[in-house]
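# Coordinate analysis (summary)
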Amino acid sequence: GMLVWFARWIVDSAVRRGIVLSYFVVFTMTELVLVASWLTDSHWHAINVLNMILFGGLAGFYGWFAFVQPPAVFDSLDTAMD
């Protein structure tokens, strides 16, 4: 959270894109580890399903903005402010 808070002052669009891609990779890897753990664990916990939904949603959210519909801020901060 603090990374994004302090990154709001970054003008370089490549750095902003890198932050979004990094979040996508981290949340996707977390989701894959949670699913693998859930499939191999002998005990079932409802909180694990909630975690998988949460991290799957975060991975989908950041993946959407990284690949499908990148925001105008990625082009340049000057053009996004117009």
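So, here is what we can say about the structure in this document. (Residues numbered from 1 in each chain as written. Predicted model: local features only at pLDDT ≥ 70, side-chain atom pairs only at ≥ 80, totals over all residues. Heavy atoms only, no water.)

## So, the nonpolar core
- Of all hydrophobic cores here, the largest spans eight residues; its members are Ala 7, Ile 19, Val 20, Tyr 23, Phe 27, Ala 59, Tyr 62 and Ala 66.
- At four residues, the largest contribution of residues to this core is made by helix α2 (residues 13-40).
- Dropping the residues within four chain positions of it, Tyr 62 is found in contact with Val 20, Tyr 23, Phe 24 and Phe 27. (Core = buried A, V, L, I, M, F, W, Y, C linked by side-chain atoms within 4.5 Å. Buried < 20%, exposed > 50% of the residue type's maximum accessible area, 1.4 Å probe, protein only. Helix = DSSP H or I, 4+ residues; strand = E, 2+ residues; numbered from the N terminus. Contact = heavy atoms within 4.5 Å.)

## A look at the packing of α2 against helix α3 (residues 46-68)
- Contact geometry of α2 with α3 gives a least axis separation of 8 Å together with a crossing angle of 150 degrees. Taken together, α2 and α3 sit at an angle that is classed as roughly antiparallel. Between α2 and α3 the crossing geometry is left-handed.
- The residue makeup of the contact of α2 with α3, split by class, is 17 nonpolar, six polar and two charged. (Axes fitted to C-alpha atoms, helices over the stretch in contact; angles between N-to-C directions. Parallel < 35°, antiparallel > 145°, perpendicular 65-115°, else oblique. Left-handed = near helix turned anticlockwise from the far one by under 90°. Nonpolar A, V, L, I, M, F, W, Y, C, P; charged D, E, K, R; others polar.)

## Observations regarding the environment of Gly 63
- Relative to the helices and strands, Gly 63 is located in helix α3.
- Residue Gly 63 is classed as buried on the basis of its relative accessible area of 9%.
- In this structure, Gly 63 is in contact with Phe 24 and Val 68, ignoring residues within four places of it in sequence.

## Brief notes about α3
- Between its first and last C-alpha, α3 extends 31 Å over 23 residues, near the 33 Å set by a 1.5 Å rise per residue.
- For α3, the complete set of buried residues consists of Met 52, Ala 59, Tyr 62, Gly 63 and Ala 66.
- Buried positions along α3 lie against α2. (Expected span 1.5 Å × (residues − 1).)

## Here's the deal with the packing of aromatic side chains
- Counting across every chain of the model gives seven aromatic pairs.
- Members of the aromatic cluster, connected to one another through ring pairs, are Tyr 23, Phe 27, Phe 55, Phe 61, Tyr 62 and Phe 65. (Phe/Tyr/Trp six-rings, centres within 6.5 Å; stacked < 30°, edge-to-face > 60°.)

## Let's talk about the environment of Leu 21
- Looking at the element boundaries, Leu 21 is found in helix α2.
- In the structure, Leu 21 is positioned 46 residues away from Phe 67 in sequence and 8.9 Å away in space, judged by C-alpha atoms.

Geometric values such as these leave the question of function open.
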